[in-house]
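# A structural walkthrough
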Amino acid sequence: MTEKLNSLEIKMMNIESKLENFSWDKKVKNKAEADVFGLVFFRNTVIFSVGIGVDSPFGPFDTDVTMIYDYTFFNIGNAYSPVTGVFTAPVSGVYFNIFSHSGGRHRTWLHLYKNNEVILHIHDHRSTDTADNGGNAGFYQLQQGDTVYVRLKEGTHVYKASTVTTFSGFLVKQNS
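Counting restarts for each chain: residues are numbered from 1 in the order of the written sequence. Per-residue local features of the predicted model are confined to residues with pLDDT of at least 70, and side-chain atom pairs are confined, for both listing and counting, to 80 or more; whole-chain, interface and lining totals are unaffected and use all residues. Think of the side-chain values as coming from all heavy atoms in the structure, minus any hydrogens and water.

What follows is about the pairing of strand β12 (residues 166–174). A pair of strands is labelled paired if DSSP reports no fewer than 2 bridges between them. Helix and strand definitions here come from DSSP, where helices need a minimum of 4 consecutive H or I residues and strands a minimum of 2 consecutive E residues; each element is numbered from the N-terminal end. Sheet topology places strand β1 (residues 47–51) next to β12; 5 bridges connect them, and they run antiparallel. Bridged to Gly51 within β12 is Thr166. Sheet topology note: the strand β6 (residues 93–103)/β12 ladder contains 7 bridges and is antiparallel. Within β12, the position partnered with Val94 by the bridge is Lys173.

Written as structure tokens, this is what we have:
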């Protein structure tokens, strides 16, 4: 597994390097061609990064609650719904997601779901300080239409701050 992650990291770094060195003026002759190239180049790009709220506590609740992240940093491909809090895979492929929380005085427990199954979680015990943070991340295979979302476990709490309680993801490689 470590070898696969290292290989994916190297591939991502190579892609980043190519994008940084890409010169529009050498590849594209006019604006119309640039528009077409942009549509082709970004056609299957799926990237989202969202945060929740304005500095205030969130929870605890009597039941599990789907986190609806209301602050959008990026939503390229519009696969994340700020209304439902759910990411829906627009294409089949390998995806990467990361989610984080800020907690403190209350117990914190978040689950990352793929469809209706927990695939990752983060939690923290109740403490006397006011700033405990945690996160988790993973790569996984999604089919077109699969959903990914974060739920706050009943009786737990997070701190609503768009820069610390976040949910992000992107398409690493589309299936052929």
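Turning our attention to the nonpolar core. Core analysis: the biggest nonpolar cluster contains 26 residues, and Met67, Phe87, Tyr95 and Phe167 have the highest contact counts within it. The set of elements that each furnish at least two residues to this core consists of β1, β6, β7 (108–114), β8 (117–124), β9 (132–142), β10 (147–152) and β12. A total of 3 residues in this core trace back to one element, the largest contributor, which is β10. Nonpolar cores were defined as sets of buried Ala, Val, Leu, Ile, Met, Phe, Trp, Tyr and Cys residues, with membership established by side-chain atoms within 4.5 Å. Classification of residues uses two cut-offs on accessible area relative to the type maximum, computed with a 1.4 Å probe and protein chains only: under 20% is buried, over 50% is exposed, and between them is partly exposed.

The next point concerns the packing of aromatic side chains. Pairing of aromatic rings covers Phe, Tyr and the six-membered ring of Trp, with a centre-to-centre limit of 6.5 Å; geometry is then stacked below 30 degrees between planes, edge-to-face above 60, and tilted otherwise. Within this structure, the stated rule accounts for 11 aromatic pairs. Seen in terms of ring centroids, Phe48 and Tyr80 are 5.6 Å apart; in terms of plane orientation they differ by 5°. Their pairing is stacked. Separated by 32 residues along the polypeptide, Phe48 in strand β1 and Tyr80 in the loop between β4 (71–76) and β5 (87–88) bring together distant segments of the chain. Centre to centre, the rings of Phe87 and Tyr95 are 5.6 Å apart; their planes meet at 65°, and the pair counts as edge-to-face. Comparing Phe87 with Tyr95 shows no difference in burial state: the two are buried. Taken together, the aromatic side chains of Phe48, Tyr69, Tyr80, Phe87, Tyr95 and Phe167 make up a single cluster linked through ring pairs. The criterion is that NZ of a Lys, or CZ of an Arg, lies within 6 Å of the ring centre and within 35 degrees of the ring normal, and then a charge sits over that ring. Between the NZ or CZ atom of Lys153 and the centre of the ring of Trp109, over which it lies, the distance is 5.7 Å.

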